[in-house]
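Here's the letter readout for the chains.
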Amino acid sequence: MALQAPRGTRDLLPEETGQWQYVETTMRTLCARYGFQELRTPIFEYTQLFDRGVGSDTDIVEKEMYTFQDRGGRSLSLRPEGTAGVVRAFVEHHLEEAGLPVKLYYLGPMFRYERPQAGRQRQFHQFGVEALGSEDPYLDVEVIDLGWTILQALKIDAIRLEINCIGCHLCRPAYEKTLKTYLQDHRDQLCADCQRRSETNPLRTFDCKRSSCQAVLAEAPRISDALCDACQQHFETLCSGLDMLGIPYQKTATLVRGLDYYTRTVFEFKETLTAEAATVCGGGRYDHLVAEIGGKDQPGVGFGIGMERVMLLLEQASRMPSTREPIDVYVAFASPQQQGMAFDLVSQLRRQGVAAEIDHGRRSLKAQMRAAARKGVRLVLLLGEEEVAEQAVTLRDMETGAQRRIPRTEIVQLLHQQFSSPDAIELQMRGAVHEINGC
RNA sequence: GUGAGUGUAGUUCAGUGGUUAGAGCGCCAGAUUGUGGAUCUGGAUGUCGUGGGUUCAAAUCCCACCACUCACCCCA
């Protein structure tokens with residue numbers, strides 16, 4: 001076997017890139033409608049950014065980062081997620097001067113050193129939004145609404161929205177202490193992982209899927225009972241906002257998420273087609289991340305969508321549109337004597353905005369016709385001895401089989417008219433068929 | 001990082017120690033001396049994932065590595 005793409009990476013082939021463009025365009029269009037603007041940040045940053053931003057005791061930073069030294073001895077890391085870079089750019093370029101909140105979106109590859117499997121790769125793609133500089137709960141609603149609307153627009157409806165409020169720096173420490181004490185008291189009923197987590201990050205024990213641990217956690221004190229008044233109020237406003245917009249959701253007291261920077265609101269959109277219910281979109285509020293990264297203490301809220309997971313869901317639901325870029329006209333020639341003239345014709349058509357294609361394999365006319373059919377080309381121009389002698393071309397409609405001879409001086413102009421207006425292509429094509437059939 | 005399964009033509013797969021490794025689909029050509037998707041006929045495919053070992057003999061058995069898939073961990 002020759003060289004392959006590195007483990008956990010893959011090529012997006014021409015047959016797929018159209019579908020990606022469709023999904024990306026949907027996201028960009030809706031972002032524009034919600035007032036979010038694109039920000040493009042580097043795919044590598046100083047390692048320190050992710051240590052501070054994502055949290056040095058998260059799995060992402062502990063064992064999943066692609067970290068390397070450049071020739072100047074600097075420690076750099078390929079970005080494992082999008083938020084840290086966006087916040088860094090926000091601080092570095094004083095974007096708050098444009099007026100708060102600053103609403104941004106990003107789209108691009110992320111990197112995590114993990115064992116690959118379906119919907120999980122070492123290089124994957126994330127689309128995400130971040131709204132910085134306001135703690136208004138309606139901003140949370142706006143962000144969740146945007147995520148919801150994007151998934152709806154893509155017709156991903158086998159989806160469940162789970163939300164929770166995990167408190168702020170005022171009320172969470174006390175709750176964590178209470179939870180920790182509770183977990184210590186039931187230590188012998190917990191798995192080894194949870195015993196460890198109960199020390200380092202007690203909230204994360206809620207992520208455990210073991211039924212024995214779940215039984216302990218079912219009786220554990222709830223964050224919802226420990227929220228301060230401000231958090232309680234924030235969460236209630238958020239929920240009533242979602243109710244108002246008619247967005248269905250489920251309050252999940254055990255939803256905590258794996259990144260350290262979240263405060264108050266956390267949410268996930270999970271697909272409901274499989275038992276595992278993989279997260280397609282996850283996000284939340286991070287009210288101190290900006291300060292953590294060195295800016296003024298400013299709140300923020302955002303989410304990330306896994307592009308590969310979106311693609312998987314679209315495929316499973318057979319909702320993937322076919323988006324092959326069409327070729328309008330195929331120019332075929334009968335023998336090598338006509339190749340030059342045929343090539344000139346293709347070139348003229350292209351200059352007039354007509355997507356035209358020609359054979360480069362010196363293949364038989366039959367093979368050229370077959371190629372045209374395979375590409376789904378509607379019209380073929382045929383150039384042979386007779387046509388050259390008559391200074392004409394034969395125009396063939398591949399759907400009806402109708403043919404007509406047309407003077408060379410007219411053909412480019414005729415096709416230019418047929419295909420020049422993108423919106424009118426369908427109508428114009430119908431017109432063309434009638435004309436051809438009429439002969 | 002842990003555990004399990006898989007790796008044979010472009011593709012889907014058959015072949016479990018014995019000549020020159022097969023089939024469907026696809027591709028190419030011809031039937032149709034200038035015309036596509038149907039039909040018929042013919043043709044080309046391959047370091048049997050890679051490397052080592054056992055054997056008179058390995059796609060087949062053993063080991064290592066690589067890749068893919070699934071589960072765990074965790075997440076998008």
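Only a predicted model underlies this, so the values are computations on that prediction, with no experimental measurement involved. (Residues numbered from 1 in each chain as written. Chains lettered and ligands numbered in written order. Predicted model: local features only at pLDDT ≥ 70, side-chain atom pairs only at ≥ 80, totals over all residues. Heavy atoms only, no water.)

## Brief notes about the protein's contact with RNA strand B
And then number 1: Around RNA strand B, the surrounding shell holds 50 residues, and the nearest of these are Arg112, Arg120, Arg197, Gly258 and Met398.
And then number 2: Protein-proximal atoms of RNA strand B, defined as those within 4 Å of the protein, fall in sugar or phosphate at a share of 50%.
And then number 3: Note that a base nitrogen of RNA strand B is positioned 2.9 Å from one of the side-chain N or O atoms of Glu114.
And then number 4: Here a phosphate oxygen of RNA strand B and a side-chain polar atom of Arg370 are 2.5 Å apart.
And then number 5: Contributing elements (two or more residues each) for the surface near RNA strand B: helix 3 (59–63), strand 6 (123–132), strand 10 (279–285), strand 11 (300–306), helix 13 (365–374) and helix 14 (385–390). (Near = heavy atom within 4 Å. Polar contact = N/O pair within 3.5 Å; in protein donor to acceptor, adjacent residues only side chain to side chain. Helix = DSSP H or I, 4+ residues; strand = E, 2+ residues; numbered from the N terminus.)

## A closer look at a nonpolar patch on the surface
And then number 1: The grouping of Ile43, Phe44 and Phe68 at the surface amounts to a nonpolar patch, some 250 Å² of accessible area in total.
And then number 2: Among the secondary structure elements, Ile43 is positioned in the loop between strand 1 (37–38) and strand 2 (44–46).
And then number 3: The exposure class assigned to Ile43 is partly exposed, which follows from its relative accessible area of 34%. (Patch = residues over 30% accessible without salt bridge, like charges linked within 9 Å, V, L, I, M, F, W, Y side chains within 5 Å. Areas by Shrake-Rupley, 256 points an atom, 1.4 Å probe, with all protein chains shown as cover. Salt bridge = Lys/Arg side-chain N within 4 Å of Asp/Glu carboxyl O. Buried < 20%, exposed > 50% of the residue type's maximum accessible area, 1.4 Å probe, protein only.)

## Considering the packing of helix 5 (residues 137–153) against helix 9 (residues 229–245)
Each pair of packed helices can be summarised by the angle the axes make with each other and by the distance between the axes.
And then number 1: At a minimum axis distance of 8 Å, the contact between helix 5 and helix 9 shows a crossing angle of 40°. Judged by the angle between their axes, helix 5 and helix 9 are oblique. Every pair of crossing elements has a handedness; the one defined by helix 5 and helix 9 is right-handed. Two secondary-structure elements touch here, helix 5 through Pro137, Tyr138, Asp140, Val141, Ile144 and Asp145 and helix 9 through His234, Thr237, Leu238, Gly241, Leu242, Met244 and Leu245.
And then number 2: Classifying every residue of the contact of helix 5 with helix 9 by side-chain character gives eight nonpolar, three polar and two charged. (Axes fitted to C-alpha atoms, helices over the stretch in contact; angles between N-to-C directions. Parallel < 35°, antiparallel > 145°, perpendicular 65-115°, else oblique. Left-handed = near helix turned anticlockwise from the far one by under 90°. Contact = heavy atoms within 4.5 Å. Nonpolar A, V, L, I, M, F, W, Y, C, P; charged D, E, K, R; others polar.)

## Focus on the domain arrangement of chain A
And then number 1: Domain boundaries in chain A define domain 1 (14–171 + 227–316) and domain 2 (329–437).
And then number 2: Computed from C-alpha atoms alone, the centre-to-centre distance between domain 1 and domain 2 is 49 Å. (Domains from an automatic or database assignment.)

## Observations concerning the pattern of salt bridges
And then number 1: This model, assessed by the stated rule, comprises 22 salt bridges.
And then number 2: As a salt-bridge pair, Glu268 and Arg257 come within 2.8 Å of each other at their nearest N and O atoms. Placement of the pair is Glu268 in strand 9 (residues 263–271) and Arg257 in the loop between strand 8 (250–251) and strand 9, with a sequence separation of eleven residues.
And then number 3: Judged by its relative accessible area of 10%, Glu268 falls in the buried class.
And then number 4: Between Asp397 and Arg378 there is a salt bridge, with the nearest N and O atoms lying 3.4 Å from each other. Of this pair, Asp397 sits in strand 15 (residues 392–397) while Arg378 sits in the loop between helix 13 and strand 14 (379–383); the two residues are 19 residues apart in sequence, bridging distant segments of the chain.

## Here we look at the sheet that holds strand 4 (residues 75–78)
And then number 1: Within the open sheet, the three strands sit side by side as 2-4-3. Their pairing is antiparallel. Each edge of the open sheet is held by one strand with a lone partner, namely strand 2 and strand 3 (67–69). The average undirected angle you get between the axes of adjacent strands in this sheet is 35°.
And then number 2: Here three bridges tie strand 3 to strand 4, and the two strands are oriented antiparallel to one another. Along strand 4, the bridge assignment pairs Gln69 with Ser75.
And then number 3: Taken strand by strand, helix 2 (residues 47–55) contacts strand 2, strand 3 and strand 4, and its axis lies near 80° from that of strand 2. (Pairing = 2+ DSSP bridges.)

## Quick look at the environment of Gly246
And then number 1: Among the secondary structure elements, Gly246 is positioned in the loop between helix 9 and strand 8.
And then number 2: It is 25 Å that separates the C-alpha atoms of Gly246 and Leu132, two residues lying 114 residues apart in sequence.

## What about the packing of aromatic side chains?
And then number 1: The final tally for this structure, using the stated rule, is eight aromatic pairs.
And then number 2: Relative to Phe269, the ring of Phe267 has its centre 6.3 Å away and its plane inclined at 85°; by these criteria the two rings are edge-to-face. Here Phe267 matches Phe269 in class, with each residue buried.
And then number 3: Members of the aromatic cluster, joined through ring pairs, are Tyr105, Phe127, Phe267, Phe269 and Phe303.
And then number 4: Just above the ring of Tyr113 sits the side chain of Arg122; from NZ or CZ to the centre is 3.9 Å. (Phe/Tyr/Trp six-rings, centres within 6.5 Å; stacked < 30°, edge-to-face > 60°. Lys NZ or Arg CZ within 6 Å of the ring centre and 35° of its normal.)

## Considering helix 13
And then number 1: Within the span of helix 13, buried status applies to Ala367, Gln368, Ala371 and Ala372. Buried residues along helix 13 cover an arc of 140° about the axis, so they all sit on one side. Those residues of helix 13 that are exposed and aimed more than 90 degrees away from the buried face are Lys366, Arg370 and Arg374.
And then number 2: Residues of helix 13 that are buried sit in contact with strand 12 (329–333) and strand 14.
And then number 3: With its phi angle positive at about 75°, Gly376 sits one or two positions after the end of helix 13. (Arc of directions from axis to C-beta.)

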